[in-house]
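# Inside the fold
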Amino acid sequence: FAEFRRKMVEELSDDCLPCNLCLETYASLSHLISRQFVKRVTNLVRTSGHGGSMVMLPYSEDEAQLAAQWIDCKYSAEEDESGLRFRRLLQSIIRRVGQLCPPESTLEDAWQIFRNSNDTELDDLEEAFFELARLYADLMQVDGALIVDQRMCLIGFGGEIRVDRNVLQVSQALDLDGKMLVDWNVQGDGTRHRSVYRLCSVEPRVIGFVISQDSQVRLIANVDDSVIFWAHTMI
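Residues numbered from 1 in each chain as written. Predicted model: local features only at pLDDT ≥ 70, side-chain atom pairs only at ≥ 80, totals over all residues. Heavy atoms only, no water.

## A few points about the environment of Ala145
Cut-off, in case you're wondering: Where helices and strands are cited, they refer to DSSP runs of H or I of at least four residues and of E of at least two residues respectively, numbered from the N terminus. We call two residues contacting when some pair of their heavy atoms lies within 4.5 Å.
By secondary structure assignment, the location of Ala145 is in strand β3 (residues 145–149). Residues Ala145 and Thr42, spaced 103 residues apart in sequence, show a C-alpha to C-alpha distance of 13 Å. In contact with Ala145, other than residues within four places in its own chain, are Ser53, Val55, Gly156, Phe157, Gly158 and Gly159.

## So, the pattern of salt bridges
Note the cut-off: Here a salt bridge means any side-chain nitrogen of Lys or Arg lying within 4 Å of a carboxyl oxygen belonging to Asp or Glu. Each residue gets one of three labels from its accessible area relative to the maximum for its type: buried under 20%, exposed over 50%, partly exposed in between, using a 1.4 Å probe on protein chains only.
Evaluated as defined, the whole model comprises seven salt bridges. Notably, a salt bridge pairs Glu121 with Arg96, separated by 3.5 Å at the nearest N-O pair. Remark: Arg96 occurs in helix α4 (residues 85–100) and Glu121 occurs in helix α6 (residues 120–140); sequence separation between them is 25 residues. Owing to a relative accessible area of 17%, Arg96 belongs among the buried residues under this scheme. Where Arg205 meets Glu203, a salt bridge forms, and the shortest distance between an N and an O atom there is 2.9 Å. According to the relative accessible area criterion, Arg205 is partly exposed, its value standing at 38%. What emerges from the salt-bridge pattern is a single network uniting Arg96, Asp119 and Glu121.

## Thoughts on the environment of Thr47
Checked against the element boundaries, Thr47 lands in helix α2 (residues 23–48). Note: C-alpha distance between Thr47 and Ile113 (66 residues apart in sequence) is 28 Å.

## Some remarks on the packing of helix α1 (residues 2–13) against α4
Put simply, the rule reads: Fitting a line to C-alpha atoms yields each axis, with helices limited to the stretch in contact; the angle taken between N-to-C directions then spans 0 to 180 degrees. Each crossing gets its handedness from the near helix: less than a right angle anticlockwise from the far helix is left-handed, clockwise is right-handed. Think of it as three bins: nonpolar holds Ala, Val, Leu, Ile, Met, Phe, Trp, Tyr, Cys and Pro, charged holds Asp, Glu, Lys and Arg, and polar takes everything else, Gly as well.
Relative orientation of the contacting elements α1 and α4 amounts to 65°, with a least axis distance of 11 Å. Classified by chirality, the crossing of α4 by α1 is right-handed. Contacts from Phe4, Lys7, Met8, Val9, Glu11 and Leu12 of α1 reach α4 at Arg87, Leu90, Gln91, Ile94 and Arg95. Here the residues of the contact of α1 with α4 are counted per class, giving six nonpolar, one polar and four charged.

## Let's talk about a nonpolar patch on the surface
Keep this limit in mind: Patch construction takes residues with relative accessible area above 30% that form no salt bridge. Like charges are linked within 9 Å, and nonpolar side chains (Val, Leu, Ile, Met, Phe, Trp, Tyr) are linked within 5 Å. Only the protein chains shown count as covering a residue, and every accessible area follows the Shrake-Rupley method with a 1.4 Å probe.
Together, Leu174, Met180 and Val182 line one region of the surface with nonpolar side chains, adding up to about 240 Å² of accessible area. Structurally, the position occupied by Val182 is in strand β6 (residues 181–184). Val182 gets classed as partly exposed once you look at its relative accessible area, which sits at 33%.

## So, the state of the cysteines
Formally: The disulfide criterion used throughout: a pair of cysteine sulfur atoms within 2.5 Å.
For the structure on display, the rule yields zero disulfides. We note that Cys153 lacks a disulfide partner, and the nearest cysteine sulfur, in Cys73, lies 12 Å from it. When its relative accessible area of 5% is taken as the criterion, Cys153 is described as buried.

The following block contains the structure:
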């Protein structure tokens, strides 16, 4: 997602971002805040006791065709300005954090301001941001997968993954880089897991999150033509 973070920051850099942080720090800050958003979504689904899955498609011109090819969405979202709410809120948050930071602040300084500041404007932005996380968590509890793109723009929900292919070989990563792998027996996994395995096997650009009813979370991806998952305890 680094390319999208840089583009998002560059959109604001000319006249909207205070110079208290460098552009690279703004991009890194957006990464931390985006990760916090995904954690909030998954945690809300975990605590619901229902489980769910979220599939991230690549943001590209053929995104709609990709979704139509592999995923049958019961409820589809129209592409409009409201779909970019995540991006707009994130831009507003990093701009406000930049305004609150002293000159030449570090990434750690900015992160602590985001987490601990009592600024009213920032509080309102954070509340709106995490209400969006609650909406996504609610949509994940509908039967089927929540489908978003790399900008966290909603494509649809209630998605049925239709890949006519069996995946018999999956590996579990024991480190963040995915270098230490162990074979995993897929026979014990449920429908949600196996459907995302199949999707990742045919579309390497897809990333999937699956939350089971027992609150276990897996991040599933295709690495070098192999389907790999990371447990939430690792991430």
